[in-house]
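Residues per chain, in single letters:
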Amino acid sequence: MRRCRPLAHSPSILFVNRVFPPDKGATGRCAFDLAQRMASAGWRVTVVADGDGPSAAPPGVTVVRTGAGPMDSGAGEHGSRRGAATMVRDYLDALRRLTSRAMRLPRHDVVVTMTDPPLMARVGPMLAAWHGAAAVHWCHDLYPALLPVLGLRIPDPLYRLVEWSVAGALRRHDAVVAIGRCMARQLGALGVPAERIVLLPNWAEPGIRPVAREDNRFRAELGLGERFTIAYSGNLGLAHPMGGVLDAAAELARTDPDLAFLVIGEGRGRPALETAAASRGLRNLRVLPLQPVGRLSESLSAADLHLASMDPRAEGLLVPCKVAGALAAGRPCLFLGPAGSEAAALVDGCGRVLDPADGAGLAAAVRGYARDPVRCAEEGRRALSASVRWGADAAARRFTALAESLLERAARPVTTPAVATPLVRVTGRRLPHA
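The present account deals with the structure reproduced in this document. As the structure is a prediction and not an experimental result, all values here were calculated from the model.

Tracing the sequence through the fold places N216 in the loop between strand 7 (197-199) and helix 6 (217-221). Excluding residues that lie within four positions of it along the chain, N216 makes contacts with V211, E298, S301 and A302.

Here we take up the nonpolar core. Residues F15, W138 and F399 are the most contacted members of the largest nonpolar core, which totals 77 residues. Per element, the largest residue contribution to this core is nine residues, and it comes from helix 14 (residues 392-411). Beyond its immediate chain neighbours, meaning those up to four positions away, W138 contacts F15, C30, A31, L34, V112, T113, M114, T115, V177, I179, W203 and F399. Listed in part, the 30 residues of the second largest apolar core include A249, L282, L285 and L336.

According to the stated counting rule, one finds 27 salt bridges in the structure shown. Across the pair R18 and D116 runs a salt bridge whose closest N-O atoms are separated by 2.7 Å. Of this pair, R18 sits in the loop between strand 1 (12-16) and helix 1 (26-40) while D116 is found in the loop between strand 4 (110-113) and helix 3 (120-131), placing the two residues 98 residues apart along the sequence. Residue R18 shares its accessibility class with D116, and that shared class is buried.

This part covers the packing of helix 3 against helix 4 (residues 156-171). It is at 8 Å that the axes of helix 3 and helix 4 come closest, and there the two elements cross at 40°. Taken together, the axes of helix 3 and helix 4 lie oblique to each other. Read as a crossing pair, helix 3 and helix 4 show a hand that is left-handed. Contacts between helix 3 and helix 4 involve A121, R122 and P125 from the former and S165, V166, A169 and L170 from the latter.

Turning next to the packing of helix 7 (residues 243-255) against helix 8 (residues 270-280). Where helix 7 meets helix 8, the closest approach of the two axes is 11 Å, and the angle between their N-to-C directions is 20°. Our classification of the angle between helix 7 and helix 8 gives roughly parallel. Regarding helix 7 and helix 8, the two cross each other, and that crossing is right-handed. Note on element contacts: helix 8 touches helix 7 through L273, A276, A277 and R280, opposite L246, D247 and A250. The residue makeup of the contact of helix 7 with helix 8, split by class, is five nonpolar, no polar and two charged.

Okay, the sheet that holds strand 8 (residues 229-233) next. Pairing is parallel across the open sheet formed by six strands, whose spatial order is 10-9-8-11-12-13. Single-partner strands in this sheet number two, and they are strand 10 (285-288) and strand 13 (351-354). Here the strands of the sheet are splayed against their neighbours by 20° on average, with no regard to which way each runs. Examined bridge by bridge, strand 11 (residues 305-309) and strand 12 (residues 333-336) share four bridges and lie parallel to one another. Residue A308 lies in a different strand from strand 12, and its bridge partner there is F335.

Cut-offs applied
Here the residue index of a chain counts from 1 through its sequence in written order. Local features in a predicted model are, by the rule used here, given only for residues with pLDDT of at least 70; side-chain atom pairs are given and counted only at 80 or more, and totals for whole chains, interfaces and linings are based on all residues. By convention in this description, side-chain values take in all heavy atoms of the structure and omit both hydrogens and water. Secondary structure elements are defined from DSSP: runs of H or I of at least 4 residues count as helices, runs of E of at least 2 residues count as strands, and each element is numbered from the N terminus. By definition in these notes, contact holds between two residues if any of their heavy atoms fall within 4.5 Å. As used in this record, nonpolar core signifies buried Ala, Val, Leu, Ile, Met, Phe, Trp, Tyr and Cys residues forming a set joined through side-chain atoms within 4.5 Å. When accessible area is computed with a 1.4 Å probe and restricted to protein chains, residues below 20% of their type maximum are described as buried, those above 50% as exposed, and intermediate ones as partly exposed. The rule for a salt bridge is simple: a side-chain nitrogen of Lys or Arg has to be within 4 Å of a carboxyl oxygen of Asp or Glu. Only the contacting stretch of a helix is used when fitting its axis, a line to C-alpha atoms as for every element, and angles between N-to-C directions run 0 to 180 degrees. Convention used here: angles under 35 degrees read as roughly parallel, angles over 145 as roughly antiparallel, angles from 65 to 115 as roughly perpendicular, and any remaining angle as oblique. By definition, any crossing whose near helix is turned counterclockwise from its far helix by less than a right angle is left-handed, and any crossing with a clockwise turn is right-handed. Each residue is assigned to one of three groups, with Ala, Val, Leu, Ile, Met, Phe, Trp, Tyr, Cys and Pro labelled nonpolar, Asp, Glu, Lys and Arg labelled charged, and all others, Gly among them, labelled polar. Criterion used throughout: strands pair if DSSP finds at least two bridges between them.

Below, the structure written as C-alpha cells:
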C-alpha cells in the first residue's frame, strides 16, 4: 500500500459511508459522533455519504453527498423491504457512487471505510492508495458472512469468490476496527493480522440518561402507570428474531396480565411482528415507531427491563447496539442470543443471556425481575456504571490515537511493513470499558 506523505498541515480524515445524519442508521450516527469530536480536536474531517438531502454537519465537518436519491430507509439495518435482487443492485450502485465521489476529493491522510454498503471494505485500499493515505476499515457488520443470516442466498461459487475478495482487501488495510471481540476473532480467521485489529465497541447515543418513573412523560403518555414494563427498542431486522419474545408475551398475558411489553422500532421484521401479535390477541404488547433522539432518554427509561435479540448465526458478524442504549438508561437487559457474543459480555452483571427461541425461559426471567425490584434497581445501577465508562468521547480518543499512530508510522522511514499499533487486547472476558 502507498504510504502517507509526511504532514505539513492539520491532519485530515475521510469517512465513507452510505448514511449520515439525518439519515437513519447506527453507522451514520457513530460516524457523526467521531467526526464531530475529531474536528474539535483539530482534524480536518470530511464525510462522503449517499443521497442528496441536507446533512446535520457538526462544526468543522464537511459532508459531501453523492447527489443520488435516498435508498429505502429500511436498507442497511440488517434487512430491506425490497427484493434481494433489487437490494443488491442498489447497494452496488451506492458503492459505485460513494467510491467515485471520494476519488474526486482533495487528498486526505486517513481514509475510513465503513460497512454500509456491505462491500465498502473491498474498495478501501484503492481509495487509500488514490489519496496516498492510511487505510482503516471500521467493521460494524461482517460481509458476506452476514448475508445468509439475512436470507440473501447467492450461489456458493459466487459467495466464495466474494469472501476471498473481501478477506484479501481486509488484509491490505493498515487497521481494521472491530466492534466486539467476537468480531475480532472472525477477522483473525479471515487472515487479518492480529496487530492490525483494533477493538472499539460501539456506544450509546450521547445524551441518554435515566429518567425517573414519576418524571417520565413518555411513560405517562402511554398510560403505563405502575405496570412493570419490558421494552425492545431498536431495529427490527432479519438478524433479530422475535419469536421467543412473542411466545413470552403470550404466556405472560395469561399468567401476569399486568406486565406490559413495548416494541419500539422499525425494519423489515416489524410487519410480521405486528401481524403475529394481532393474530395471538396480545393486548399486553404494543408496537411503536422509533423515537426521535430528543426522546430517547424518556422512551428507554420507560421500561423497567430491556430486551435485545440476535440470531445465533450472527455471532461475530454484528453486535446489537440496543444493549448500549439500555445500559445508558440505567436498566438491566436480557440478551436473547449466543453466549459468545460481545453483547453477552455487556450484560454480565446487569442482565442475563437467554436462548432467543426459548419463550418459556424468557417469560420466567421476566417474571423473576418483575417480582424483585431490588434486583432490578441494583442491576440498573451496574448498567449505568458500565455505560458511563465508555461513551462517544472515550471512543473518539481511542480512534484518534489509532489515526495518529498510523500517521506517525507513515512519517518514519519504512524498513518493515507498517501496521497499526494494537490499542487494546481482544482477549479476556470483560470489555475494556466495563
